[in-house]
Amino acid sequence: KRNLPHYELPHGIYHATFTTRDKRVLSPAARDITLNALLHFDRVRYDLFAAVVMPDHVHVLFQPWIKSTNADQTHVFWSLTELLHSVKSFTANEINKAEGKTGEAVWEKESYDRLMRGDEDVEEKFHYICRNPESEGLQDYQWLWTWSDRKALSTGDAAQDAQHSTLEACATPRQISGAFAFRLYDEQGFPLDLTELMARERGLTVDTAGFEKHMEEQRTRARAAQKKTVIELSEVETKEATRFIGYDELSTTAKVLEVVALKDKTAVILDASTAYAEMGGQVGDSGEISAGANSWRIANTTKVGHTWLHFLESAESIESIPSIGAEVTLTVDRERRAAIQRHHTVTHLLHWALHEVVSKDATQKGSSVAPDKLTFDFNSAALSAQQVRDIERLVNERILENAPVVWNEVPYADVRGRADIMQFFGDKYGEIVRVVDIGGYSKELCAGTHTRATGEIGLFRIASEAAIAAGVRRIEAAAGLTAYDSALLDSARLANVAAKIGSPIGDLEKKLEALLAQQKELEKSLKSAQQREAAGRAKSLLASAENNAIVANLGDLDGDSVMHIAEALKGSFPGIVVLGAASGGAVTLIASVGKEFQSKVQAGKIIQTIAPLVGGKGGGKPDFARGGGKDASKLDAALAAAKGLF
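In what follows, the accompanying structure is described. This one's a predicted model, so the numbers in the text were calculated from it and none came from an experiment.

Overview of the sheet that holds strand β23 (residues 432-438)
Taking strand neighbours across the sheet as the criterion, the three strands line up as β22-β23-β24 in an open arrangement whose pairing is antiparallel. A single partner strand is all that each edge strand has here, and the edge strands are β22 (405-411) and β24 (442-445). Taken over all neighbouring pairs, the strand axes of this sheet differ in orientation by 20 degrees on average, direction set aside. Sheet analysis places β22 next to β23, joined by seven bridges and oriented antiparallel. Counterpart to Asn 408 in the pairing with β23 is Val 435.

Structural notes on the nonpolar core
By size, the foremost hydrophobic cluster in this structure holds 54 residues, and its most contacted members are Leu 38, Leu 48, Leu 61, Phe 62 and Trp 107. With seven residues, the single largest contributor to this core is strand β3 (residues 46-53). Counting 26 residues, the second-largest nonpolar core is a separate cluster that includes Leu 349, Trp 352, Leu 383 and Ile 399.

Re the packing of aromatic side chains
Using the criterion set out here, one finds 10 aromatic pairs in the structure. Between the aromatic rings of Tyr 46 and Phe 62, the centroid separation amounts to 5.1 Å while the plane-to-plane angle is 55 degrees, which identifies the pairing as tilted. Placement of the pair is Tyr 46 in strand β3 and Phe 62 in strand β4 (residues 57-64), with a sequence separation of 16 residues. The exposure classification of Tyr 46 matches that of Phe 62, with both residues buried. Through pairs of rings, three or more aromatic residues link up here, namely Phe 244, Tyr 247, Tyr 276 and Trp 308. Looking at Lys 23, its charged tip hangs above the ring of Phe 624, at a distance of 5.8 Å from the centre. Directly above the ring of Tyr 247 sits Arg 434, whose terminal nitrogen or CZ lies 3.7 Å from the centroid.

So, unusual backbone geometry
Note: most residues except glycine have negative phi, and most peptide bonds are trans. Residue Asp 22 is not a glycine yet carries a positive backbone phi of 55 degrees. The residue Asp 22 is located in the loop between β2 (14-20) and α1 (28-40) in this model. Of the residues examined, Asp 22 reaches a relative accessible area of 45% and is grouped as partly exposed. Despite not being glycine, Arg 43 has its phi angle at roughly 60 degrees, a positive value. Take Arg 43: it is sitting in the loop between α1 and β3.

Brief notes about empty space enclosed by the protein
The final tally for this structure, using the stated rule, is two cavities of 30 Å³ or more. Roughly 50 Å³ of volume is contained in the largest cavity. Lining the largest cavity, in full, are Glu 136, Gly 137, Leu 138, Gln 602, Gly 604, Lys 605, Gln 608, Gly 620, Lys 621 and Pro 622. Looking at the lining of the largest cavity element by element, the count peaks at three residues for helix α14 (residues 603-610). The class makeup of the residues in the lining of the largest cavity is two nonpolar, five polar and three charged. Taken as a whole, the second largest cavity spans an internal volume of roughly 30 Å³. What lines the second largest cavity is Val 256, Val 268, Ile 289, Trp 296, Leu 312, Ile 321, Pro 322 and Val 328.

Some thoughts on the environment of Gly 118
Position of Gly 118 relative to the elements: it lies in the loop between β7 (107-115) and α3 (119-135). A sequence separation of 106 residues divides Gly 118 from Gly 12, and the C-alpha atoms of the two residues are 9.9 Å apart.

Considering the pattern of salt bridges
A complete count under the given rule lists 24 salt bridges for this structure. One salt bridge connects Asp 248 with Arg 452, and the closest N-O pair in it is separated by 3.8 Å. One end of the pair, Asp 248, is in the loop between β12 (243-244) and β13 (251-262); the other, Arg 452, is in the loop between β24 and β25 (460-469), and 204 residues separate them in sequence. The exposure class of Arg 452 is partly exposed, given its relative accessible area of 39%. With a shortest N-O distance of 3.6 Å, Glu 356 and Lys 360 are connected by a salt bridge. If you follow the salt bridges from partner to partner, you end up with Arg 24, Glu 99, Lys 101 and Glu 104 in one network.

Quick word on the pairing of strand β17 (residues 294-304)
Here five bridges tie strand β16 (residues 287-291) to β17, and the two strands are oriented antiparallel to one another. Across the sheet, the residue bridging to Glu 288 is Arg 297, located in β17. One ladder, built from six bridges, connects β17 with strand β18 (residues 307-312); its direction is antiparallel. Bridging from a neighbouring strand, Asn 300 pairs with Phe 311 of β18. Taking the residues that link successive antiparallel strands as the turn, the β17-β18 hairpin has two residues, and the phi of Gly 305 there is positive, at about 65 degrees.

A look at the sheet that holds strand β20 (residues 364-369)
As summarised here, the arrangement of the four strands in space is β20-β21-β26-β25, forming an open sheet in which the pairing is antiparallel. The outermost strands of the open sheet, each flanked by one partner alone, are β20 and β25. Pairs of neighbouring strands in the sheet enclose a mean axial angle of 15 degrees, with direction left out of account. Where strand β21 (residues 374-379) lies against strand β26 (residues 472-479), six bridges are found, and the strand directions are antiparallel. Within β26, the residue paired with Phe 378 across the bridge is Arg 473. Its contacts with the sheet put helix α8 (residues 334-357) on β20, β21, β25 and β26, and the angle it makes with β21 is roughly 25 degrees.

Details of the packing of α1 against helix α2 (residues 80-98)
Where α1 meets α2, the axes come as close as 9 Å, and the angle between the chain directions of the two elements is 150 degrees. If you check the angle between α1 and α2, you find them roughly antiparallel. The handedness of the crossing between α1 and α2 is right-handed. On α2, the residues touching Ala 30, Ile 33, Thr 34, Ala 37 and Leu 38 of α1 are Val 87, Phe 90, Thr 91, Glu 94, Ile 95 and Ala 98.

Each value, and the rule that gives it
Residues numbered from 1 in each chain as written. Predicted model: local features only at pLDDT ≥ 70, side-chain atom pairs only at ≥ 80, totals over all residues. Heavy atoms only, no water. Pairing = 2+ DSSP bridges. Helix = DSSP H or I, 4+ residues; strand = E, 2+ residues; numbered from the N terminus. Axes fitted to C-alpha atoms, helices over the stretch in contact; angles between N-to-C directions. Core = buried A, V, L, I, M, F, W, Y, C linked by side-chain atoms within 4.5 Å. Buried < 20%, exposed > 50% of the residue type's maximum accessible area, 1.4 Å probe, protein only. Phe/Tyr/Trp six-rings, centres within 6.5 Å; stacked < 30°, edge-to-face > 60°. Lys NZ or Arg CZ within 6 Å of the ring centre and 35° of its normal. 1 Å grid on protein atoms, 1.4 Å probe; cavity = no way out; pocket = protein on both sides within 12 Å on 5 of 7 lines; lining within 4 Å. Points joined across faces, edges and corners; volume = space filled by probe spheres on them. Nonpolar A, V, L, I, M, F, W, Y, C, P; charged D, E, K, R; others polar. Salt bridge = Lys/Arg side-chain N within 4 Å of Asp/Glu carboxyl O. Contact = heavy atoms within 4.5 Å. Parallel < 35°, antiparallel > 145°, perpendicular 65-115°, else oblique. Left-handed = near helix turned anticlockwise from the far one by under 90°.

Below you can see the structure in the form of structure tokens.
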């Protein structure tokens, strides 16, 4: 039994245990959440042999899987610390959410494990986990899961058949919630039919109605968030391609070819345009169309085929737009275009730096370039904080070099397959492509607009790096004045925090450490005071003991205070103790039974019997159990019912 973290053996099978904070008794819903979380990572991050979620602790028998492979072909396995932290962190958040609480500790920080040294060890721990509920007096326990039968799936592949087995629940069939199945689909790309198949193999069912409800809610959200107008080619009469000259010019005279009215939007089609049409992750330009004394704001620019559509900011009537054939002036919003260009050029630098710091295999999965920020999606494991800092520094170093940004158009056949030029969309390229070259070290096929030199980008800052899907990460960053503004805001926040705690910014870290140490000492003092108070209360309760039993309503006390008193009595009173209290509309029930009285009555049975009387639930071990409820008016009746049990 070892405390984590420590050296772990590759391909090792482990029995791990973690417990609830202060012997907190998990509700049935909390046990469901915990067991579902353990099953979620089965055959994803580990092979799960057996698991049981007891009222106040969890046992798991599993074998971690390979997480990644190093350049020297050595395998990196999922560590026990990572696996258990994922389960504990997720379940604590979900349990608190389900119980209407915020930030309350659910699990003890420590987790213990034991390496299985051979088949006998595995078998012994397997049976120990299976018998755990029965040994604590819990019959027909539904939060136990194990490989009960190794029936190979018939696939026609002997190796595959030997690898797979039919998994069944030890207790009565249980149901995977629709919300959980939807999360598998939405976040991990796991289809419902595969979830149902694997559930059947484990003796489980899936709440498909609940899944469909969540799917429909997502569709509704998507429809509400959808801001783009889909324009069919049949709606545009103009067949002439728009001549785009926006790489070199921001203003031009042009002829109106067509005005398209679509619901509440109006779009103008010109024979030439300096406005970049939304594509390749770069947003469309905004600007202005003018004719004489009249002008119309352009909200966005998109394209259909080779035709540019300039959407007007307000829903103008067709009659108020210049007539077809009229000459107008189109001017792009210069500042907005410059901000977009900074973000697009720095996206190329970011991609290059990612390859330099992380791996050439970290390939782009998508990007978004806007005036206020950029996002860059790529396939990779999570980046370390040091890797993020290294990428950010490397990009800023290249910006300071003020390297030229140049581009030229070449036949795609000439660059197809060239390893020194990044290409992402395969056969979607046309016959002529545009190669953007930054300083000779970053070359990409790209039709977007860019700065003329890296120095125009200014400051570059990474705001976040996080997962957006299985195996896909997203970096969100900003450049130029947007990055400067975010740095200024962070500096103001630091100054504000420093002022609130009365410290110079340079000494802020030391001051915070001192405050945290002081808080820790105060918490220790408070705990000591609570223990002294509990000991005093316990001493007075000893005088009320009758027939080796103490049953008392402690009045207006919270659960922690009742627990302290129960712990104090446990060390000085060997009989039966049942305590109740009510605070803020919540009822706390705690029972403890000394060893010599457990043949007569068990603590878990006491709580299971009286908790429903106060509108709640609970349970636990023969020697200790905890429960709760919401009806404080029935507390005295519940305690009276407890007396009747012994």
